[in-house]
There are 2 protein chains.
Amino acid sequence: MAAARRPRADALRNRDRLLAEADAAFREKGTDASLEGIARRAGVATGTLYGHFPTRRALLGALLRDRNAELFRRGEELLAAPDPAAALTAWVHAVTEHAAAYQGLAAELAEGIDDEASELHESCVRMADIGDRLLENARAAGALRRDATGADLFALMNAAAWTGERTSPEQAGRLVDLAMGGLLAPPC
Amino acid sequence: MAAARRPRADALRNRDRLLAEADAAFREKGTDASLEGIARRAGVATGTLYGHFPTRRALLGALLRDRNAELFRRGEELLAAPDPAAALTAWVHAVTEHAAAYQGLAAELAEGIDDEASELHESCVRMADIGDRLLENARAAGALRRDATGADLFALMNAAAWTGERTSPEQAGRLVDLAMGGLLAPPC
DNA sequence: ACCTGAACACCGTTCAAGT
DNA sequence: ACCTGAACACCGTTCAAGT
């Protein structure tokens, strides 16, 4: 087993600059912003970008690392929350907001769950898994008005995020509330 | 007022070939399929494509003409239907299926409602208008569990269509049913 | 009245050559 | 070990020149 080598200083610096420019570009233009433009603004050749991030999704995945950690921390917290119905609703809202970070991200996530080669696959599976468990808790507590699957939940989160990308976060939230109103039994 | 001239025979033929190839390309690759490829397969120069259809959306709009007519005919039928709740649900399903005709169409429609310059604007407005009226009917009949706006409805239809594009029509339908379950009062 | 195709600008991706 | 930048393939859009 090879010891981990420390990367060269210029490599580290280039990586950081690429990430910073990619974040700015993705925020402004969405996840299909020009990679060539990102490399140019970072002051490196395009080959350098590919050296650090072999695919667009690898770049996206690196950009989402911290954000993902925060989301999953929140998920674990909700799994321990006392009211399963409220926890489920909060989770769907949280993922919806997460998936609207960049225009185009919702599409990448929707694809990532089925595509094992996607650098986003693992995080998608984890999002779906937390959703499954929160759904199961709500079902066990008799909080469901009708049955639904984890796939329904994942589809809702991505679809609402997609709506949010091109209308407003408020509209996305209203869509989630509408669907959750169909899923959850009214409080007695 | 100028009399309508009959177009030249070769122009008509080129237009038809372009539409046929565009339909095939959009079905296969989605609405952002290469225009150059469409022109090539239709056997015309790219300038000819632009002569007939100045924008990608103009091409898309021409392709949707018949499909739109059928959709709106269905809408008028539903406006005259006896059960307002069932009519509303049927309309949302119908538009959702319509908007999934080509991958990428849901995004064009979501954009078209706000963009007056879009060649799809008029049909988007008409879809939203029929939705508004069906919603109003359902409200008047006391069939709503909670309030919702025409914008909510339009967002739902596009979001569900977007889901359908990348999962399955069944999943799109399940999403619609979930949201409609939140909107409509249960039958007593 | 319509068509052609060259021209321009822009992009994703790879890889031999450099340091 | 990493970086450069030319090379290749592909695309959207315009417009002068043709018929």
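Quick caveat, the model's predicted, so the values are computed rather than measured.

J.: Whenever I open this one, the overall build of chain A confuses me. Can you help?
T.: The helix and strand tally for chain A stands at 9 helices and 0 strands. Secondary structure of chain A in N-to-C order comes out as α-α-α-α-α-α-α-α-α. By principal-axis analysis of the C-alpha atoms, chain A measures approximately 60 × 45 × 25 Å. Looking at chain A residue by residue over its 188 residues, the buried ones come to 49%. Within chain A, contacts between residues separated by at least 24 positions form 69% of all contacts whose residues are at least 6 apart in sequence. Seen as two clouds, the 23 positive and the 28 negative side-chain charges of chain A have centres 6 Å apart.

J.: Looking at this structure, I do not really get the interface of chain A and chain B. What am I missing?
T.: Think of interface size as the accessible area that goes away when the parts come together; that is how it is often given. On the chain B side, the residues contacting the 25 residues of chain A number 25 residues. At the junction of chain A with chain B, the criterion picks out 2 salt bridges. A salt bridge links Arg174 of chain B to Asp152 of chain A; the nearest nitrogen and oxygen atoms lie 2.6 Å apart. Residue assignment for the side of chain A that touches chain B shows that the elements contributing at least two residues are α6 (105–112), α8 (150–166) and α9 (169–183) of chain A. Broken down by class, the residue content of the side of chain A that touches chain B amounts to 13 nonpolar, 6 polar and 6 charged.

J.: It is not clear to me how the layout of surface pockets should be interpreted in this structure. Could you clarify?
T.: Over the atoms rolls a probe the size of a water molecule, and in doing so it shows where empty space is left. Of the volumes computed, that of the largest pocket is approximately 730 Å³. Asp32, Gly104 and Arg166 of chain A together with Asp32 and Ala107 of chain B are, among the 24 residues lining the largest pocket, the residues nearest its centre. The class makeup of the residues in the lining of the largest pocket is 4 nonpolar, 7 polar and 13 charged.

J.: Looking at this model, I keep getting lost on the relation of the copies chain A and chain B. Mind explaining?
T.: Here two copies of a chain appear, and what relates them is a rotation about an axis with a shift along it. Of the two same-sequence chains, chain A is brought onto chain B (RMSD 0.0 Å, axial shift 0.0 Å) by a rotation of 180°. Here the two chains are linked by the operation of a two-fold rotation axis. Of the residues that chain A buries at the interface, 100% are likewise interface residues in chain B, meaning the two copies contact each other through the same surface.

J.: Honestly, the protein's contact with DNA strand C in this entry has me stumped. Any pointers?
T.: Residues in close proximity to DNA strand C total 19 residues, the closest being Tyr50 and Arg56 of chain A together with Arg8, Asn14 and Thr48 of chain B. By atom count, sugar and phosphate contribute 63% of the portion of DNA strand C lying within 4 Å of the protein. Arg8 of chain B is positioned with one of its side-chain polar atoms (N or O) 2.9 Å from a base nitrogen of DNA strand C. In this structure, Asn14 of chain B approaches DNA strand C through a side-chain N or O atom, which is 2.4 Å from a phosphate oxygen.

J.: Mind showing me how you'd approach the packing of helix α5 (residues 84–98) of chain B against helix α9 (residues 169–183) of chain B here?
T.: In helix packing, the relevant descriptors are the interaxial angle and the interaxial distance, both defined with respect to the helix axes. Residues and elements named next belong to chain B. Contact pair α5 / α9: the axes reach a minimum separation of 10 Å and the direction vectors enclose 150°. Classed by the angle they form, the pair α5 and α9 counts as roughly antiparallel. The chirality of how α5 crosses α9 is right-handed. In contact with Leu88, Thr89, Val92, His93 and Thr96 of α5, α9 contributes Ala172, Gly173, Val176, Asp177, Met180 and Leu183. Of the residues in the contact of α5 with α9, the class split is 6 nonpolar, 4 polar and 1 charged.

J.: How do you make sense of the protein's contact with DNA strand D when you look at a structure like this?
T.: Surveying the vicinity of DNA strand D reveals 20 residues, the closest of which are Arg8, Asn14 and Thr48 of chain A together with Tyr50 and Arg56 of chain B. Taken together, the sugar and phosphate atoms account for 62% of what DNA strand D places within 4 Å of the protein. Residue Arg56 of chain B places a side-chain N or O atom 2.8 Å away from a phosphate oxygen belonging to DNA strand D. At the level of elements, α1 (9–29) and α3 (46–52) of chain A together with α2 (35–42) and α3 (46–52) of chain B are the ones that each hand at least two residues to the surface near DNA strand D. Here the element with the most residues in the surface near DNA strand D is α3 of chain A; it accounts for 4 residues. Among the residues forming the surface near DNA strand D, the class breakdown is 7 nonpolar, 8 polar and 5 charged.

J.: I tried to follow the nonpolar core on my own but got confused; where do I start?
T.: One recurring pattern in soluble globular proteins is that nonpolar side chains are buried together. By size, the foremost hydrophobic cluster in this structure holds 123 residues, and its most contacted members are Leu88, Trp91 and Leu183 of chain A together with Leu88, Trp91 and Leu183 of chain B. If near-sequence neighbours (up to four positions away) are discounted, Leu88 of chain A is found in contact with Gly131, Leu134, Leu135, Ala138, Leu153, Met180, Leu183 and Leu184 of chain A.

J.: Explanation requested: α8 of chain A in the structure shown.
T.: Because an α-helix packs 3.6 residues into every turn, residues spaced three or four apart end up facing the same way. Spanning 17 residues, α8 of chain A covers 25 Å between terminal C-alpha atoms, matching the ideal 24 Å at 1.5 Å per step. Most of α8 of chain A sits out of view: 15 of its 17 residues are buried.

J.: I would appreciate a short explanation of the UniProt feature "DNA-binding region" (unreviewed entry) in chain A in the present structure.
T.: When the UniProt feature table is mapped onto this chain, "DNA-binding region" (unreviewed entry) is found at residues 34–53 of chain A. Taken end to end, residues 34–53 of chain A is 75% helix and 0% strand, and its two terminal C-alpha atoms sit 14 Å from one another.

J.: Just checking my understanding: could you explain the environment of Gly43 of chain B for this structure?
T.: Along the chain, Gly43 of chain B falls in the loop between α2 and α3. Classification of Gly43 of chain B by relative accessible area gives exposed; the value is 60%.

The rules we used
Residues numbered from 1 in each chain as written. Chains lettered and ligands numbered in written order. Predicted model: local features only at pLDDT ≥ 70, side-chain atom pairs only at ≥ 80, totals over all residues. Heavy atoms only, no water. Helix = DSSP H or I, 4+ residues; strand = E, 2+ residues; numbered from the N terminus. Buried < 20%, exposed > 50% of the residue type's maximum accessible area, 1.4 Å probe, protein only. Contact = heavy atoms within 4.5 Å. Lys, Arg positive; Asp, Glu negative; His and termini not counted. Charge placed at Lys NZ, Arg CZ, Asp CG, Glu CD. Salt bridge = Lys/Arg side-chain N within 4 Å of Asp/Glu carboxyl O. Nonpolar A, V, L, I, M, F, W, Y, C, P; charged D, E, K, R; others polar. 1 Å grid on protein atoms, 1.4 Å probe; cavity = no way out; pocket = protein on both sides within 12 Å on 5 of 7 lines; lining within 4 Å. Points joined across faces, edges and corners; volume = space filled by probe spheres on them. Least-squares fit on C-alpha atoms with pLDDT ≥ 70 in both. Near = heavy atom within 4 Å. Polar contact = N/O pair within 3.5 Å; in protein donor to acceptor, adjacent residues only side chain to side chain. Axes fitted to C-alpha atoms, helices over the stretch in contact; angles between N-to-C directions. Parallel < 35°, antiparallel > 145°, perpendicular 65-115°, else oblique. Left-handed = near helix turned anticlockwise from the far one by under 90°. Core = buried A, V, L, I, M, F, W, Y, C linked by side-chain atoms within 4.5 Å. Expected span 1.5 Å × (residues − 1). UniProt positions renumbered as here; feature names shortened; annotations may be inferred.

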